[in-house]
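Residue strings, one per chain:
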Amino acid sequence: MLARLHNDHKHIAILLNILKNKQQRLQNGEAVNFNLIRDIVEYMQSYAEHSHHPVEDLINEFYIQTHPEEALEENLGEEHHGLIESSTNLMTTLNLILSDVPVQNETLSQALKEYVEAQRNHMMYEESKLFPIWEAGMTEAQWQQVADRCQEKLISDPLFSDDDNLLFEELKEYLAKAEE
């Protein structure tokens, strides 16, 4: 489970780098592909918010239940809700732009900057603080219990898997070209 979460974070970091690049281009007054930005945020909403974060929440709740003597922070779910609000607000702005409603570049640039920073800070917290606690504190049997509980939340990654999934085709092509 933890390997999957680390892998998800690597993929999310790639997308956040793209968003950061687009944000800097917007800040410099350059043209950007709004559809690509929307696809990244949509991916975050469809995968990270509906599978990745719920799995983290389940693991954290399990850890807190099985290790009541430890003072583990319980605000992970609240952080995830804050990220959902952030992506919803960003998606609203993107949808306005894609519907030809005038929105200042600075407004989108600032929203992108805040979104990328929030996501990065969240992942750094998990990678440096939370994941090591889980790894050190849970037995193999406990990880199996967690994996069993998480099964209904686990979905195939629609962007970074080898499925013939037609979702995010433009984003997949962009990533493939970037690797060349």
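Residues numbered from 1 in each chain as written. Predicted model: local features only at pLDDT ≥ 70, side-chain atom pairs only at ≥ 80, totals over all residues. Heavy atoms only, no water.

Trainee: What's the story with empty space enclosed by the protein in this structure? I'm lost.
Mentor: If a probe the size of a water molecule is rolled over the atoms, the empty space left behind becomes visible. A complete count under the given rule lists one cavity of 30 Å³ or more for this structure. Around the largest cavity sit Met1, Arg4, Leu5, Asp8, Tyr47, Ser51, His52, Val55 and Leu154, which together line it. Mapped by element, the contributors of at least two residues to the lining of the largest cavity are α1 (2–27) and α2 (34–66). Across the lining of the largest cavity, the residue classes break down as five nonpolar, two polar and two charged. (1 Å grid on protein atoms, 1.4 Å probe; cavity = no way out; pocket = protein on both sides within 12 Å on 5 of 7 lines; lining within 4 Å. Points joined across faces, edges and corners; volume = space filled by probe spheres on them. Helix = DSSP H or I, 4+ residues; strand = E, 2+ residues; numbered from the N terminus. Nonpolar A, V, L, I, M, F, W, Y, C, P; charged D, E, K, R; others polar.)

Trainee: Any chance you could explain the environment of Ile14 here in plain terms?
Mentor: Along the polypeptide, Ile14 turns up in helix α1. With relative accessibility at 38%, the residue Ile14 sits in the partly exposed group. For the pair formed by Ile14 and Glu61, sequence separation is 47 residues and the distance between their alpha carbons is 28 Å. (Buried < 20%, exposed > 50% of the residue type's maximum accessible area, 1.4 Å probe, protein only.)

Trainee: Please clarify how the confidence of the model for the chain should be interpreted in this entry.
Mentor: The predicted coordinates ought not to be read in detail in places where the model reports low pLDDT. On average, residues of the chain score 91 in pLDDT, and 97% of them reach the 70 mark or higher. Averaged pLDDT values over the elements of the chain bottom out at 83 in helix α6 (residues 169–179) and peak at 96 in α1. (pLDDT = per-residue confidence, 0-100.)

Trainee: Sorry if this is basic, but what is going on with the pattern of salt bridges here?
Mentor: Side-chain pairing between opposite charges can occur once the charged atoms of the two side chains come close. Counted by the stated rule, this structure contains three salt bridges. The partner of Glu30 in a salt bridge is Arg25, with the nearest N and O atoms 3.2 Å apart. Overall, the relative accessible area of 35% leaves Glu30 in the partly exposed class. Residues Arg38 and Glu42 are paired through a salt bridge, measuring 4.0 Å at the closest nitrogen-oxygen approach. One end of the pair, Arg38, and the other, Glu42, are both in helix α2, four residues apart, so they sit about a helical turn from each other. On the accessibility criterion, Arg38 (22% relative accessible area) is partly exposed. For Glu42, a relative accessible area of 34% puts it in the partly exposed group. Overlapping salt bridges bring together Arg38, Asp39 and Glu42 as one network. (Salt bridge = Lys/Arg side-chain N within 4 Å of Asp/Glu carboxyl O.)

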